[in-house]
Amino acid sequence: MTEPTRAAAPTPAQKPEDDKRRTLVATEHLSKYYPVGGGLFSRSDRLLRAVDDVNIRVRRGETLGLVGESGCGKSTLGRLLLRLLEPTYGRIVYDGKDIAPLGQAQLRPLRRKMQIIFQDPYSSLNPRMTVREIVAEAIRIHSLAARGTEEEGMVSDLLKKVGLRPEHMNRYPHEFSGGQRQRVGIARALAVQPEFIVCDEPISALDVSIQAQIVNLLLDLQDELGVAFLFISHDLKVVQHISHRVAVMYLGHVVEQASVEKLYASPMHPYTRALLGSSPVPDPERKRLRVLLEGDVPSPIDPPPGCSFHPRCPRAISQCKKEAPPFAEVHLGSGHKVACWNPHVEE
Amino acid sequence: MLDVRGLTTTFETQEGLLRAIDDVSFHVPEGKTLGIVGESGCGKSVTALSILRLLPDGVGAIEKGSVMLSGKELVTLPEREMRDVRGNDISMIFQEPMTSLNPVYTVGAQIEEAVALHQNVSRKQARARAIEMLRLVGIHSPEENVDAYPHQLSGGMRQRVMIAMALACEPRLLLADEPTTALDVTIQAQILELLQSLQTKLGMSTVLITHDLGVVAEYTHHVVVMYAGRVVESAPVKDLFRAPKHPYTLGLLESLPVHVEGPTPTRRTRLRTIEGIVPDLAKLPPGCRFAERCPLVIDRCRESEPALERLAGDGEDDDIPGMGSRFSRCYRAADVERPSRFAREDRT
Ligand SMILES: Nc1ncnc2c1ncn2[C@@H]1O[C@H](COP(=O)(O)OP(=O)(O)OP(=O)(O)O)[C@@H](O)[C@H]1O
Ligand SMILES: Nc1ncnc2c1ncn2[C@@H]1O[C@H](COP(=O)(O)OP(=O)(O)OP(=O)(O)O)[C@@H](O)[C@H]1O
Ligand SMILES: [Mg+2]
Ligand SMILES: [Mg+2]
């Protein structure tokens, strides 16, 4: 592993393009390692590579879908982007500026622009605050409304937007169902009118009709306000619907990235293909041909040598065991990148 | 196996006493999976918690109804015996792992406890079993993660720890509340297939609560659809998807992103939704609870609530959902039709 130095990486050029095309946030060699410890087997020199050398880019007003195996590092990556976690190394360039080295005080002005909708709605809402206080807190921190009726009107509008009854604003989180709590989290994130939102499985706790409402809401926000999203989800149909581009992660790495059309029409990485082939189909009469991945789930502590997917890969060749494949375009200029020695390429 | 009849559960709230579920009935045969779907907040989790009698003390209570597990009434069972039932006969996978995993104990300790409750084994055996269970649910490096604390695991890993705990005691009935929402589709398939194999092996019955209609289609035998505390439709899974008989069910099926494969011309267009919001449980209308949002509504729907009725032409003996007959709570059940673009012939 080569250790990239922060100083060596160039700042992305600010081309005078139309605002929409401009990069809002980009990472360079972004990594997060956790020391493995605490248990019987602990040895302090071992590291769990939750996110390993990731380079992604989200443009203004764009949605980047992020999919991948459970535990592959998606939430860690999302939190790193917002500096809710300390990166081990690498750069996070937000609106042209590396925010990786900034301290919490320097980050404060950025906090309003970047929001997150958490995966686990229960642990992210303060159980002692009413829904009104939870949403109003965000409004107050950034002084977006005068206290009293203006603030109340704002809270009430936000709750309506996410399909909750404003009458319920004086309830506590535990008085809501799982999906209702998730919508409180969404209302809180929307309260400060951010320009970038990390959506960490924002809809997996919701029924499909409300999922559709939230998807529509996110699409509207993007059209009206140009919000950019990193959209983490296991629902490949929804990712396909909402994203402009999609990145696929496996064991801490991004293994494939392309426009949504290319990724779904001609996936190149065998892992992506397995993933797309495993999606359950809402039709009980349709015969399914599922490629279940064989073999044990590999460990981010001792990743397999070479390509970390090779022990489970149906297309593995001898080179895959020896050397990690570079993340590169197969067809130059296509924007479709893959990290694979033997990608599935249609002629 | 499991027979739920007229189950009604209330909550004490600021707005007064609310019926979170109202007259819920269904049957789950041995070795079968019953799916429960429905609008967020319609009472799916409360149904499961009521079966297990895990409602919040002093706030939630079963008002009436019966829950029979292999002929044993659970609603009136003394708490001491109920605890045995929870350790041995029924397991639950909770919707939000963090609410049921204890943050101060390692995941191994928590699975070992579940094992010890059920089987008379040494500590070492319990630990080995915990590691085995973690491997079964696809957790990487189980020997190391057995010593991890919940916050050191990803959302989906926590969910799998919950599943491992629930299965460790080999229950006869599994209540799985959104068991795979935090999992990617490959691991989801692996877990659901694991559940299926345990069903065959142990004759385990499962109540599977999920929003994922793909999961419903592939892994359940019979489906109950709930809306605002009521069962509004129930049918064998194929019938439900082929020809839903309640406008709410139809609305759910219609909200799915329609494209199936390949390039997507419809990408980023607005999805269909069911307009409106569920009624407030404190101010329920006199008629059908779905009337305000229903495209088929007629005057009668607003005047009186339709009963859950067995549809003509089905097994005469079935008196509650889950046994093969279809039920619908709609005056216009016969007029509900799935648009033909969903007909099977249209697809490849
Ligand atoms: N402790 C409580 N106090 C008051 N009301 C409650 C409480 N717990 C649940 N409820 C109410 O009971 C109703 C049913 O909740 P439940 O959790 O069963 O919904 P659900 O169908 O599981 O929804 P989801 O799909 O969002 O998980 C909701 O309207 C909720 O607000
Ligand atoms: N605080 C921590 N200490 C140690 N390891 C951690 C910590 N947080 C996360 N990890 C590990 O980092 C890896 C990536 O976790 P992450 O939560 O990013 O996964 P994810 O892709 O979001 O998964 P999921 O889809 O299940 O939510 C996992 O192996 C997890 O165990
Ligand atoms: Mg996650
Ligand atoms: Mg629930």
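Starting from 1, residues in each chain are numbered consecutively following that chain's sequence as written. Each chain takes a letter, starting from A, and each ligand takes a number, starting from 1, following the order in which they are written. Residue-level local features of this predicted model are given only where pLDDT is at least 70; pairs of side-chain atoms are given and counted only at 80 or more, and the full residue set underlies all totals for whole chains, interfaces and linings. With hydrogens and water excluded, all non-hydrogen atoms of the structure serve as input to the side-chain values.

## So, the interface of chain A and chain B
Moving on, step 1. For this analysis, residues touch if any pair of their heavy atoms sits within 4.5 Å. Across the boundary between the two partners, chain A contributes 79 residues, which contact 79 residues of chain B.
Moving on, step 2. As used here, buried area is the combined drop in accessible area, with a 1.4 Å probe, of two parts when they are placed together. Buried area between chain A and chain B, summed over both chains or domains, comes out near 6,300 Å², and the portion from carbon and sulfur atoms is 52%.
Moving on, step 3. Only one rule defines a salt bridge in this text: a Lys or Arg side-chain nitrogen within 4 Å of an Asp or Glu carboxyl oxygen. Our enumeration of links across chain A and chain B arrives at 3 salt bridges.
Moving on, step 4. Residue R171(A) is joined to E15(B) by a salt bridge in which the shortest nitrogen-to-oxygen separation is 3.0 Å.
Moving on, step 5. Polar contacts, as counted here, are pairs of nitrogen or oxygen atoms within 3.5 Å of one another; within protein the pair requires one atom able to donate a hydrogen and one able to accept it, and residues that are adjacent in sequence qualify only if both atoms are side-chain atoms. Our count for the chain A to chain B interface comes out at 20 residue pairs in polar contact (both at pLDDT 80 or more).
Moving on, step 6. Each helix is a run of H or I in the DSSP string that is no shorter than four residues. Each strand is a run of E no shorter than two, and both are numbered from the N terminus. If you list the elements that add at least two residues to the side of chain A that touches chain B, you get β4 (63-68), α3 (121-124), α6 (178-191), α7 (208-225), α8 (236-242), α9 (260-265) and α10 (270-278) of chain A.
Moving on, step 7. For the side of chain A that touches chain B, the element with the most residues is α7(A), which contributes 11 residues.

## A few points about the coordination of the magnesium ion (ligand 4)
All names here are of chain B.
Moving on, step 1. The protein atoms that coordinate the magnesium ion (ligand 4) are S45 (OG) and Q95 (OE1), at distances spanning 2.0 to 2.2 Å. Taken together, the residues span a long stretch of sequence, with S45 in helix α1 (residues 44-52) and Q95 in the loop between β6 (90-93) and α3 (97-100) at a distance of 50 residues.
Moving on, step 2. Classification of Q95 by relative accessible area gives buried; the value is 19%. For Na, K and Ca the donor cutoff is 3.2 Å, while for all other metals N, O and S atoms count as donors only within 2.8 Å; water does not appear among the atoms, so some sites may look incomplete. Accessibility here uses a 1.4 Å probe with only protein chains present; expressed as a share of the type maximum, an area under 20% marks a residue as buried, one over 50% as exposed, and anything in between as partly exposed.

## Details of the site of ligand 1
Moving on, step 1. Throughout, the term near means that a residue has one or more heavy atoms lying within 4 Å of the molecule or strand in question. In the vicinity of ligand 1 lie 22 residues, with S177(A), G179(A), S40(B), G41(B) and S45(B) positioned nearest.
Moving on, step 2. Nearby residues around ligand 1 are contributed by chains A and B.
Moving on, step 3. S40(B) places a side-chain nitrogen or oxygen 2.7 Å from an oxygen atom of ligand 1.
Moving on, step 4. Between H211(B) and ligand 1, the recorded distance is 3.0 Å, taken from a side-chain N or O atom to an oxygen atom.
Moving on, step 5. At the level of secondary structure, the elements contributing two or more residues to the shell around ligand 1 comprise α6 of chain A together with β1 (2-13) and α1 of chain B.
Moving on, step 6. Under the convention adopted here, Pro, Cys and the residues Ala, Val, Leu, Ile, Met, Phe, Trp and Tyr are nonpolar, Asp, Glu, Lys and Arg are charged, and Gly plus all remaining residues are polar. Residue composition of the shell around ligand 1, by class: 7 nonpolar, 12 polar and 3 charged.

## Examining the pairing of strand β8 (residues 205-209) of chain B
Residues and elements named next belong to chain B.
Moving on, step 1. β8 sits mainly inside the fold: 5 of its 5 residues count as buried.
Moving on, step 2. Of the two faces of β8, the one holding S205, V207 and I209 and the one holding T206 and L208 are both buried throughout.
Moving on, step 3. Strand direction decides the pairing type here: strand β3 (residues 33-38) and β8, joined by 4 bridges, are parallel. Within the sheet, the bridge partner assigned to L34 lies in β8 and is V207.
Moving on, step 4. Paired strands, in this sense, are two strands between which DSSP finds at least two bridges. Sheet topology note: the strand β7 (residues 173-177)/β8 ladder contains 5 bridges and is parallel.

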